[in-house]
Each structure stands twice: as C-alpha cells, then as structure tokens.
Amino acid sequence: MKVREIFEKKTVFSFEVFPPKKTSSIDVIYQTLDELHDLHPDFISVTFSAGGSGNAQFACDIASRIKENGITPMIHLPCINYTKDEISATLAEINKRGIENILALRGDINSDIPPKREFAHASDLITFLRQQGEYDIAGACYPECHPDSDTLDEDIDNLKRKVDAGADHLITQLFFDNDSYYDFLDKVRAKGINVPIEAGIMPVVNKNQIERMVTTCGASLPRKFVKIMQRYEHQPEALRDAGIAYAINQIVDLAASGVDGIHLYTMNNAYVARKISEAVTGIINYDRA
Ligand code: FAD
C-alpha cells in the first residue's frame, strides 16, 4: 500500500527501525519486527546508511520481512554518496521486493567520503525517482532548521522545492518541544506546503541517548525534559519510564492538535514501542473517528 493513501483515511502512526551492525545477525532485527508486528503500525520505515557502506541489501531484506509480516514497509534512500547507476541498482532491488514507499534523502555529508555529486539535494533524488516509477515518496523536514541552512526561512524555501519536485508527505526530525513543531507548521503552511507532515518522536530512555541528544541532535531541550533527564540519569528503569511518559505526553498533545501523523523512532526497542503504542493508540484512533 502507498503511505499517501493512509493519510487520506486516518492519523498515521508509524515506526522507524535501523539495520543492525554488519557484525550482528539479522535475526536480532527480525525478532524485533516480530515483536512490533501486533502493534499494527501503519507502516515501518528502515534506515539506510548514507556512508556508502553498501547496506542496501540488508535494508531491503528488513523491508521485505516487514511486508511478509503484513505491514507496509518504507525504505530510506540517501543519495549524496551514490551515482545514478547505483541508485538505479537499488531501485531494481526495491522493485523486485514490491516496496512502494521511499523516504528520499540527501544523507549527511561525511568528510571522509567525498560526495559523488550526481545528486546534490534530496529534491534531485525525488525528481529522479519520479522519472523511474510510481513510488510513494516521503521527504525529511526540520522544525528547528537543518544545520546546513542559515535560517529556518531559507530551509523552508528549500523544503518547498523538495515538495514541488514530488514529495507526497514529510517526516520531521525529532523534537522535544511541541511548540517548535507548531511554529514550524504555521510557517510551512504559510509558504504553501500542504502535504501531510508526520511528527518524529524519539523516546529518550537511556543515558547514552541523553549524551547523544545533548551533543549532536541540535533539538532544543525544554526545561521539563532536562529536569527529568538529570533526575533519573543514574536510575535506568526510572529513566526509561520517564522517557516513555515524556514521549506519550508529546504525542497526546500533538494528537489533540490534529497532527497528520506520528513517526516513532523506536531505536529497535520493542518494549518501548509497545508501552507507547498501548498508551496512545486509543487516542490516535479516537482522533481518526
Ligand atoms: P536536503 O533536503 O537536501 O536538505 C539538506 C540541506 O540542503 C538543507 O539545509 C536544505 O535547506 C538545503 N537544500 C535543499 N535543497 C536545496 C537547494 N535546491 N538549494 C540549496 N540548498 C538546498 N540519513 C541517512 O543517511 N540515512 C537515513 O536512513 C536517514 N533517515 C532519516 C530520517 C528522517 C526522518 C530524517 C529527518 C533524517 C534522516 N537522515 C538519514 C538524515 C538526513 O540524511 C540528514 O539530515 C541530511 O543532512 C539531510 O537530508 P535531507 O534529505 O533533509 O536533505
């Protein structure tokens, strides 16, 4: 099924998973997918490294397993380190497995890997994909501005180019302050971007994640969030439960505001996804009624 058709019917609730490290067995993620299966997300997306590390096969295998489990898969496709021929080869694999949904991305620029330069922006990939087949195409967006852009206005002008190139819907970068999402939504709608926008929610449930959030993610950390993280930093179970509760609160507020969809960055943690799904499914379903 094409994801854009789901937005026509309901508030979308989706999950994101990532392939395990090459040294780990693929069975680990298969077990996670089997545990996520009865939560009935509207789709599950699979990340794909922009690093040219060649995990396309791995990501396609995982997307195929999602499909076999009766759930709609979406595959992430970063382009900056790939040539058109390499992207075409991946598309052939995607087509062979009957995957219809692609999250078209530029990918992060890594100073150790010179970009291949056939695609400079995600919008170039979207234009290319539109010529290649009848895909459902998602794009990424950044409520608190992509770090490569000087201003949010400039970033949103570029987002408009991406949507005009053919993105059917968008998924946001994670954020912890819902007001940043609401302000962003006002701005993008004012610029004539009318496609559905799913809110990306990342439950922060362990200390490593806190450290990563603080140093790399660029999302603003509201006082309420920082207080919880500081208080429970050294109590793993309390931190996990507080992180789950924080994500649930964010989702309830977003659902009450009529959000188009929630994309849960599961971090391959089926326990956390289950706790959040059990708490919010009724609310999201109520919202769909
Ligand atoms: P673009 O849309 O190309 O934007 C990147 C920058 O270029 C922005 O500053 C934008 O304003 C600017 N820009 C865009 N178009 C133009 C233009 N025409 N002219 C001038 N400037 C322009 N990375 C991975 O490697 N693998 C993944 O699986 C993955 N999954 C992700 C999932 C989500 C939901 C999100 C939000 C991000 C994900 N990323 C992933 C990270 C993403 O690849 C990076 O954030 C990357 O730096 C930007 O990708 P993009 O597709 O948003 O790029």
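Every value quoted in this text rests on a predicted model; they were computed, and no experiment measured them. (Residues numbered from 1 in each chain as written. Predicted model: local features only at pLDDT ≥ 70, side-chain atom pairs only at ≥ 80, totals over all residues. Heavy atoms only, no water.)

A. Inspection of the overall build of the protein chain at higher detail. Of the regular secondary structure elements, the protein chain holds eleven helices and eight strands. For 289 residues, the compact-globule formula gives about 19 Å, and the C-alpha radius of gyration of the protein chain, at 18 Å, lands near that figure. Projecting the C-alpha coordinates of the protein chain onto the three principal axes gives extents of approximately 50 × 45 × 45 Å. Among the 289 residues that make up the protein chain, the fraction classed as buried is 52%. Contacts in the protein chain between residues at least 24 apart in sequence constitute 82% of all its contacts with a sequence separation of at least 6. For the protein chain, the accessible surface area stands at approximately 13,400 Å², while carbon and sulfur atoms represent 48% of it. Side chains of the protein chain carry 31 positive and 42 negative charges; the gap between the two charge centres is 2 Å. (Helix = DSSP H or I, 4+ residues; strand = E, 2+ residues; numbered from the N terminus. Rg over C-alpha atoms; globule rule 2.2 N^0.38 Å. Buried < 20%, exposed > 50% of the residue type's maximum accessible area, 1.4 Å probe, protein only. Contact = heavy atoms within 4.5 Å. Areas by Shrake-Rupley, 256 points an atom, 1.4 Å probe, with all protein chains shown as cover. Lys, Arg positive; Asp, Glu negative; His and termini not counted. Charge placed at Lys NZ, Arg CZ, Asp CG, Glu CD.)

B. Geometry of helix α3 (residues 56-68). Counted at 1.5 Å a residue, the expected span for α3 with its 13 residues is 18 Å, and the 18 Å between its end C-alpha atoms agrees. Taken together, the buried positions of α3 are A56, F58, A59, C60, I62, A63, S64 and I66. (Expected span 1.5 Å × (residues − 1).)

C. Up close: the packing of aromatic side chains. As enumerated under the stated definition, the model contains seven aromatic pairs in all. Among the aromatic side chains, those forming a connected cluster through ring pairs are F175, Y181 and Y182. We note R65 situated over the ring of Y30; from NZ or CZ to the ring centre the distance is 4.4 Å. (Phe/Tyr/Trp six-rings, centres within 6.5 Å; stacked < 30°, edge-to-face > 60°. Lys NZ or Arg CZ within 6 Å of the ring centre and 35° of its normal.)

D. A look at the packing of helix α4 (residues 84-96) against helix α5 (residues 122-132). Two elements in contact, α4 and α5, have axes whose closest approach is 12 Å; the angle formed by their N-to-C orientations is 50°. As summarised for this structure, α4 and α5 are arranged oblique, according to the angle between their axes. Viewed along their axes, α4 and α5 form a crossing whose handedness is right-handed. In this structure, α4 contributes K84, I87, S88 and L91 to the contact, and α5 contributes L125, F128, L129 and Q132. Split into classes, the residues belonging to the contact of α4 with α5 amount to five nonpolar, two polar and one charged. (Axes fitted to C-alpha atoms, helices over the stretch in contact; angles between N-to-C directions. Parallel < 35°, antiparallel > 145°, perpendicular 65-115°, else oblique. Left-handed = near helix turned anticlockwise from the far one by under 90°. Nonpolar A, V, L, I, M, F, W, Y, C, P; charged D, E, K, R; others polar.)

E. Spatial organisation of the pairing of strand β1 (residues 12-17). Of all six residues in β1, six are buried; the element is thus mostly enclosed. Neither face of β1 is left uncovered, since the one carrying V12, S14 and E16 and the one carrying F13, F15 and V17 both have all their residues buried. The sheet contact formed by β1 and strand β8 (residues 261-265) spans five bridges and is parallel. Bridge pairing in β8 places E16 opposite Y265. Relative to strand β2 (residues 43-46), β1 runs parallel, the two being bridged by four bridges. Within β2, the position partnered with F15 by the bridge is I44. (Pairing = 2+ DSSP bridges.)

F. Local environment of the sheet that holds strand β4 (residues 101-105). Read once around its circumference, the closed barrel built from eight strands follows the order β1-β2-β3-β4-β5-β6-β7-β8, with strand pairing classed as parallel. Adjacent strand axes in the sheet meet at a mean angle of 25°, parallel and antiparallel pairs treated alike. Strand direction decides the pairing type here: strand β7 (residues 197-201) and β8, joined by four bridges, are parallel. Bridging from a neighbouring strand, G200 pairs with H263 of β8.

G. Quick look at the site of the ligand. Around the ligand, the structure places 24 residues, and the nearest of them are F48, D108, Y142, D155 and K162. In this structure, an oxygen atom belonging to the ligand sits 2.6 Å away from a side-chain N or O atom of D108. Separating an oxygen atom of the ligand from a side-chain N or O atom of D155 is a distance of 2.5 Å. Taking 980 Å² as the accessible area of the ligand by itself, protein coverage stands at 85%. Breaking the shell around the ligand down by element, the ones donating at least two residues are β3 (72-78), β4 and α6 (152-165). Element by element, the count of residues in the shell around the ligand is highest for α6, at four residues. (Near = heavy atom within 4 Å. Polar contact = N/O pair within 3.5 Å; in protein donor to acceptor, adjacent residues only side chain to side chain.)

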